[in-house]
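Chains, contacts and geometry: an overview
Residues per chain, in single letters:
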Amino acid sequence: WIQVLITFDRFIGVFYPVKGVRIMGKKWVLYSIILGLIVFILGVNSPNYITCYSTRMVGNKTYIRKATICDDVVVLTGIVQILMQFVVPYLLMVIVDAKVIIRIRKLKTCLGERQSTSSNKSLRFSRNTILIDLIYLIFNLPPTIFYAYSVIISIVPKLDIFQLYSNMNAIFKFFPYIYPSILFFVFITFNRIFRSEFISIVIYCFNEIKNKLF
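The rules behind the values
Residues numbered from 1 in each chain as written. Predicted model: local features only at pLDDT ≥ 70, side-chain atom pairs only at ≥ 80, totals over all residues. Heavy atoms only, no water. Helix = DSSP H or I, 4+ residues; strand = E, 2+ residues; numbered from the N terminus. Buried < 20%, exposed > 50% of the residue type's maximum accessible area, 1.4 Å probe, protein only. Contact = heavy atoms within 4.5 Å. Areas by Shrake-Rupley, 256 points an atom, 1.4 Å probe, with all protein chains shown as cover. pLDDT = per-residue confidence, 0-100. Expected span 1.5 Å × (residues − 1). Salt bridge = Lys/Arg side-chain N within 4 Å of Asp/Glu carboxyl O. Core = buried A, V, L, I, M, F, W, Y, C linked by side-chain atoms within 4.5 Å. Phe/Tyr/Trp six-rings, centres within 6.5 Å; stacked < 30°, edge-to-face > 60°. Lys NZ or Arg CZ within 6 Å of the ring centre and 35° of its normal.

**A closer look at the overall build of the protein**
The number of helices and strands found in the protein is 8 helices and 2 strands. For the protein, the sequential pattern of α-helices and β-strands runs α-α-α-β-β-α-α-α-α-α. Looking at the protein residue by residue over its 214 residues, the buried ones come to 25%. In the protein, 58% of the contacts between residues at least 6 apart in sequence involve partners at least 24 apart. Counting only carbon and sulfur atoms, one obtains 69% of the accessible surface of the protein, whose full area is about 15500 Å².

Here's what the structure looks like:
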């Protein structure tokens, strides 16, 4: 959902370049968005907080099993996770990014081809946006499909004929961690402002360390 926030930030910067950017620059607006996201995430994941107890008789003894997730809501939790981890955020990203690209293309047409600098910036912006969305798709679609498969075999275990769940789980569980790492290098490579800010931070830290040591 961080990528969704970045997408909306670009949307505001293009559609409301003065008033929108001024509003988004205020700290109370950013804090409100963060708080809203926390409440939203807690609400969506509320089935995970339901604790259930089940009893089982073994001989003359009764055993009580505590489950962190009730069996009745396992499928519901799986569906919510699939929707909120990939489907909904990706649809929002694609729709908003498409609107931004169309708006930039229209502005470029209105300004005329003589605005070569603006044309190059809009082309670079469109290319980077499509690239980021593609990377998001590559690293989030496979684990989403795999998780949907795990939900299905939790209902019908016989479908796991080749034991794909146990074999592929070790691979796909790392995908969500790879994506932000790849995204960092994409920003370093294609985003001039991000690259200059990162270099400034590195130089500042290096100078602070050098001053303390020497």
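**Concerning the confidence of the model for the protein**
Looking at the protein, pLDDT values average 77 and 76% of them are 70 or higher. In the model of the protein, strand β2 (residues 61-67) stands out as the element of lowest mean pLDDT, 67, in contrast to helix α8 (residues 192-213), which has the highest, 88.

**Things to note about the environment of I95**
By secondary structure assignment, the location of I95 is in helix α4 (residues 74-111). On the basis of relative accessible area, I95 is assigned to the partly exposed category, the value being 48%. C-alpha separation for the pair I95 and T7, spaced 88 residues apart in sequence, amounts to 9.9 Å.

**Observations concerning helix α7 (residues 175-190)**
With 16 residues, α7 extends 22 Å between its outermost C-alpha atoms, agreeing within 8% with the 22 Å of an ideal straight helix rising 1.5 Å per residue. Along α7, the positions that sit buried rather than exposed are F175, Y179, L183, V186, F187 and I188.

**Focus: the pattern of salt bridges**
All told, the structure shown has 1 salt bridge when counted by the stated rule. Of the charged contacts in the structure, one is a salt bridge between R10 and D97, with a shortest N-O distance of 2.9 Å. With a gap of 87 residues between them, R10 in helix α1 (residues 2-15) and D97 in helix α4 connect regions that are remote in the sequence. Looking at R10, the relative accessible area reads 13%, which means it is buried.

**Some words on the nonpolar core**
The biggest cluster of nonpolar side chains holds 15 residues, and the ones touching the most others in it are I132, I135, Y136, F139, Y179 and L183. Of all the secondary-structure elements, those providing two or more residues to this core are α4, α5 (116-155) and α7. Y136 has contacts with Q3, Q85, F86, P89, Y90, M93, L141 and Y179, leaving out every residue within four places of it along the chain. If you look at the next biggest cluster of nonpolar residues, it comprises 8 residues, including I12, V14, M24 and V96.

**Notes on the packing of aromatic side chains**
Tallied over the full model, the rule gives 8 aromatic pairs. Their ring planes at 10° and their centres at 5.7 Å tell us that Y90 and Y136 sit as a pair that is stacked. Placement of the pair is Y90 in helix α4 and Y136 in helix α5, with a sequence separation of 46 residues. As far as the burial class goes, Y90 and Y136 line up, both buried. With centroids separated by 5.5 Å and ring planes inclined at 80°, the aromatic side chains of F184 and F185 adopt a geometry described as edge-to-face. Relative accessible area serves as the criterion here: at 30%, F184 is assigned to the partly exposed category. Sitting over the ring of F15, R103 keeps its end group 4.7 Å from the ring centre.

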